[in-house]
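# Examining the three-dimensional arrangement
Spelled out from the first residue to the last, the chains are:
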Amino acid sequence: MKFGIVGYGRFGKLWAKALSAFGTVMVCEKAFNPQTTEDAIQIVDLQQVAQADMVFLLVPISEFESCCQQIKPFLKPEAVVVDCCSVKVHPVTVMQKTFVPTQAIIATHPLFGPDSVQRTGGFQDHKIVLCPVRCSAQQQTKLQNIFEEMGLKVLLSSPDEHDRQMANSQALVHYIGRGLAALDLHPQELATPDFQALLNINKMVVNDTWRLFLDMHQYNTYAKQIRKKFIHQLLQIEKAIDHAKA
């Protein structure tokens, strides 16, 4: 089986290596330089990547629509297009609008990244969301089996339910983490175990790009609502502190 990956950043490198156990992997990056990596992963042009049996789109959400337009002329009719964006409604809408109705589409969201995989020593027991948007049962099963053989736990969801839940978890956690980063907190001798938990939240998100942070908030329609609720509660707590009797 031939896998194509558009986008060869930190996650792209992790994903390409993982998929290489299941077939031939071809990747495309912006600065095109044809070569073969030590993991026998071929770096080729966009046209070659788009002609794979299963094409993974690992570009920022802000570049997603442009990417779909670019690969559209080269896709094989029987190919499966898979996105890995951190939001789901937007990329699914784009794929449905861009590709012909017979093109198989599966939306996914790996709930992990290079840092968390490194911490745990592999993919075992990490989770990945799968939204079978437009595909046959056989195509869904094939992809699901690959994920499970990697050691991943597959969670089925609709795109809308995914975005609603991720606003409460990923978007909010990254929002808090970015705020903690601005405080420039460091380990200190006088600290409770809870303080270390705060440092861990900061540490988990600072290696992700600012573009990823913006995308998960700007393209998830539920994110603004949870941010406003969170800020409102902080202001209410401030008022309660100011008006409480000493």
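## Points about helix α4 (residues 89-98)
Working note: α-helix, 3.6 residues per turn, so residues spaced by three or four point in the same direction. When we look at burial in α4, the residues that qualify are Pro91, Val92, Val94, Met95 and Thr98. For α4, the buried positions fall inside an angular range of 160 degrees around the axis, keeping them on one side. Where α4 is buried, its residues meet α3 (64-71), β6 (80-83), β7 (104-110), β8 (127-134) and α7 (159-183).

## Concerning unusual backbone geometry
If you check the backbone angles, aspartate 125 has positive phi at about 75 degrees while not being a glycine. With respect to the helices, strands and loops of the structure, aspartate 125 is situated in the loop between α5 (114-120) and β8.

## Structural notes on the pattern of salt bridges
Applying the stated criterion to the full structure yields seven salt bridges. The residue lysine 76 makes a salt bridge to glutamate 78 at a minimum N-O spacing of 3.9 Å. Looking at lysine 76, the relative accessible area reads 24%, which means it is partly exposed. When the shortest N-O distance is used, the salt bridge between arginine 211 and aspartate 215 registers 2.9 Å. Taken together, the residues arginine 211 and aspartate 215, both in helix α9 (residues 210-218) and four residues apart, mark about one turn of the helix. Given the relative accessible area of 33%, arginine 211 is considered partly exposed. Classification of aspartate 215 by relative accessible area gives buried; the value is 1%. When salt bridges that share partners are traced, they join Asp53, Lys76 and Glu78 into one network.

## What about a nonpolar patch on the surface?
Nonpolar side chains collect at one region of the surface, where Leu234, Ile237 and Ile241 lie side by side and expose about 280 Å² of accessible area between them. Residue position: isoleucine 241 is located in helix α10 (residues 223-243). Residue isoleucine 241 is classed as exposed on the basis of its relative accessible area, which comes to 54%.

## Considerations on the nonpolar core
Within the largest apolar cluster, 32 residues are counted, with the highest numbers of intra-cluster contacts made by Ile5, Trp15, Leu19, Phe56, Phe112 and Phe147. Mapped by element, the contributors of at least two residues to this core are β1 (2-6), α1 (10-19), β2 (24-28), β5 (54-57), β6, β7, β8 and α6 (137-150). With six residues, the top contributor of residues to this core is α1. Apart from the residues within four sequence positions on either side, tryptophan 15 is in contact with Ile5, Phe56, Leu58, Cys84, Phe112, Phe123, Ile128, Phe147, Met150 and Leu152. If you look at the next biggest cluster of nonpolar residues, it comprises 28 residues, including Val59, Ile61, Val94 and Met95.

Conventions we followed
Here the residue index of a chain counts from 1 through its sequence in written order. With the structure being a predicted model, the display of local features is reserved for residues of pLDDT at least 70 and the display and counting of side-chain atom pairs for 80 or more, all residues being used for whole-chain, interface and lining totals. As a rule here, side-chain values cover all heavy atoms of the structure and leave hydrogens and water aside. Exposure classes here rest on a 1.4 Å probe applied to the protein chains alone. A residue is buried below 20% of its type maximum, exposed above 50%, and partly exposed in between. The way it works is that DSSP assigns letters per residue, a run of H or I at least four long becomes a helix, a run of E at least two long becomes a strand, and they are numbered from the N terminus. In this context, the arc is that of the directions from the helix axis out to the C-beta atoms. By the convention used here, residues are in contact when the closest approach between their heavy atoms is within 4.5 Å. A carboxyl oxygen of Asp or Glu within 4 Å of a side-chain nitrogen of Lys or Arg is what we treat as a salt bridge. Residues forming no salt bridge and having over 30% relative accessible area are the ones grouped into patches, like charges within 9 Å of each other and nonpolar side chains (Val, Leu, Ile, Met, Phe, Trp, Tyr) within 5 Å. Values of accessible area rely on a 1.4 Å probe in the Shrake-Rupley scheme; residue burial ignores everything except the protein chains shown. Residues enter a nonpolar core if they are buried and are Ala, Val, Leu, Ile, Met, Phe, Trp, Tyr or Cys, with the set joined through side-chain atoms within 4.5 Å.

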